[in-house]
Amino acid sequence: MTNDKLDNWLEIGKIVSPQGLSGELRVYPVSDFPERFEVPGKRWLLRASDTEPQPIELLTGRYISNKNLYVIKLAGVENCDQAEALRGCKLMVPASDRPQLGEDEYHVLDLIGLEVFMQASGELVGTVVDIISAGNDLLEVKLNPSFTHNKQQMTNDKGQMTNGKKQKTVLIPFVHAIAPVVDLPSGRIEITPPPGLLEINN
């Protein structure tokens, strides 16, 4: 069931557990913008039982890089029990509160669901299902069955037949040289992958 009231909100993270005994919370981020969790100010909290997010004040936040988590402190959450009660809640901001992007920057949410085409042939490669943040972002693309079927007779470097029966995903570096065209209004990305890129992940 979709909740129309949430159309105007962006989820920026999910509270996964308390951190320590003083009411701090661990948050798994869904936003690429650190200031969402590090800059004090108003955020909104969506509890499982609510249909609309409620305003809450972010006091502090810090990033724990080896866990890809933020630890945040919210006003009014003073102890482990109060923090535990917020487990599974989502942190939200108004959809209008998107940071301004540079010319070649995109919101992760805008890219998921786009169809990926070979620029040269126009062949549908697949659909973006996730973005993996590495040194360069990687697009995780679920391959179109017909595309994998066409490729299943190809062999990989070890001379083994790659099996195209199972629908797979591939990782495509999200850099201008490989994905020169990102057309959000049309919902498409055009790629010019170097030879072998779409087979190496098998």
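Calculation rules
- Chains are numbered independently. Their residues run from 1 in the order of the written sequence.
- pLDDT decides what is reported in this predicted model: residues at 70 or higher carry local features, side-chain atom pairs at 80 or more are listed and counted, and totals for whole chains, interfaces and linings draw on all residues regardless.
- Derived side-chain values reflect all non-hydrogen atoms in the structure, with water molecules and hydrogen atoms excluded from consideration.
- A run of H or I in DSSP becomes a helix once it reaches four residues, and a run of E becomes a strand once it reaches two; helices and strands are each numbered from the N terminus.
- Think of it in three bands: residues with accessible area under 20% of the maximum for their type are buried, residues over 50% are exposed, and the middle band is partly exposed, with areas taken using a 1.4 Å probe on protein chains only.
- Contacts: residue pairs with any heavy atoms within 4.5 Å of one another.
- Reported accessibility uses the Shrake-Rupley method at a 1.4 Å probe radius. Residues are deemed covered only where the shown protein chains occlude them.
- Here a pair means two rings of Phe, Tyr or Trp (six-membered ring of Trp) with centres within 6.5 Å. Their orientation is stacked below 30 degrees between planes, edge-to-face above 60, and tilted elsewhere.
- We define a salt bridge as a contact between a side-chain nitrogen of Lys or Arg and a carboxyl oxygen of Asp or Glu at a distance within 4 Å.
- Within this scheme, the nonpolar core is defined by two criteria: the residues are buried Ala, Val, Leu, Ile, Met, Phe, Trp, Tyr or Cys, and they are joined through side-chain atoms within 4.5 Å.
- Two strands qualify as a pair provided that DSSP identifies no fewer than 2 bridges between them.
- Inter-axis angles, ranging from 0 to 180 degrees, are taken between N-to-C directions of lines fitted to C-alpha atoms, where helices are fitted over the stretch in contact.

Draft legend 1. Molecular detail of the overall build of the chain. In terms of helices and strands, the chain carries 4 helices and 12 strands. Residues classed as buried in the chain amount to 37% of the 202 residues present. Taking the contacts inside the chain whose residues are at least 6 apart along the sequence as the reference set, 54% of them involve residues at least 24 apart. Carbon together with sulfur atoms contributes 50% to the accessible area of the chain, which is approximately 11,600 Å² in total.

Draft legend 2. Just the environment of Q82, in detail. Within the secondary structure layout, Q82 lies in helix α2 (residues 80-84). On the accessibility criterion, Q82 (34% relative accessible area) is partly exposed. Spatially, the C-alpha atom of Q82 lies 9.9 Å from that of L21, the residues being 61 residues apart in sequence.

Draft legend 3. Broad picture of the packing of aromatic side chains. Taken as a whole and judged by the stated rule, the model has 3 aromatic pairs. Ring geometry for Y63 and Y70: centres 4.7 Å apart, planes at 45°, overall tilted. Judged by relative accessible area, which is 37%, Y63 ranks as partly exposed. Assessed through its relative accessible area of 6%, Y70 is described here as buried. Among the aromatic residues, those joined into a ring-pair cluster are F37, Y63 and Y70.

Draft legend 4. Up close: the pattern of salt bridges. In the structure shown here, the tally under the stated rule is 5 salt bridges. Between R188 and E190 there is a salt bridge, and its shortest N-O distance comes to 3.3 Å. Under the relative-accessibility criterion, R188 is labelled partly exposed at 25%. A residue is classified by how much of its surface remains accessible, and E190, at 17% relative accessible area, is buried.

Draft legend 5. Spotlight on the nonpolar core. L111, V125, V128, L139, I172, I189 and I191 are the most contacted members of the largest nonpolar core, which has 21 residues in total. Going through the elements one at a time, β7 (115-118), β8 (124-132), β9 (138-143), β10 (169-173) and β12 (188-191) are the ones with two or more residues in this core. In contact with L139, not counting residues within four places along its chain, are L111, V128, D130, I131, V170, L171, I172, F174 and I189. Membership of the second largest hydrophobic core comes to 18 residues, among which are F37, I56, I72 and L74.

Draft legend 6. Fine view of the sheet that holds strand β6 (residues 90-94). As summarised here, the arrangement of the 6 strands in space is β1-β2-β5-β4-β3-β6, forming a closed barrel in which the pairing is antiparallel. Within this sheet the neighbouring strands show an average axis-to-axis angle of 50°, counted without direction. Sheet topology places strand β1 (residues 9-19) next to strand β2 (residues 24-29); 6 bridges connect them, and they run antiparallel. Bridge assignment links P18 to a residue of β2, and that residue is L25.

Draft legend 7. The pairing of β6, seen in detail. For β1 and β6, the ladder comprises 5 bridges, and the chain directions are antiparallel. Paired with L10 across the bridge in β6 is V93.

Draft legend 8. Broad picture of unusual backbone geometry. At N68, a residue that is not glycine, the phi angle is positive and equals roughly 50°. Its place among the elements puts N68 in the loop between β4 (54-64) and β5 (69-74). The exposure class assigned to N68 is partly exposed, which follows from its relative accessible area of 32%.

Draft legend 9. How the structure looks around the sheet that holds β12. Pairing is mixed across the open sheet formed by 6 strands, whose spatial order is β10-β9-β8-β7-β12-β11. With one partner strand each, in any of the chains shown, β10 and β11 (181-183) form the two edges of the open sheet. Averaged over all pairs of adjacent strands, the angle between their axes in this sheet comes to 30°, without regard to strand direction.

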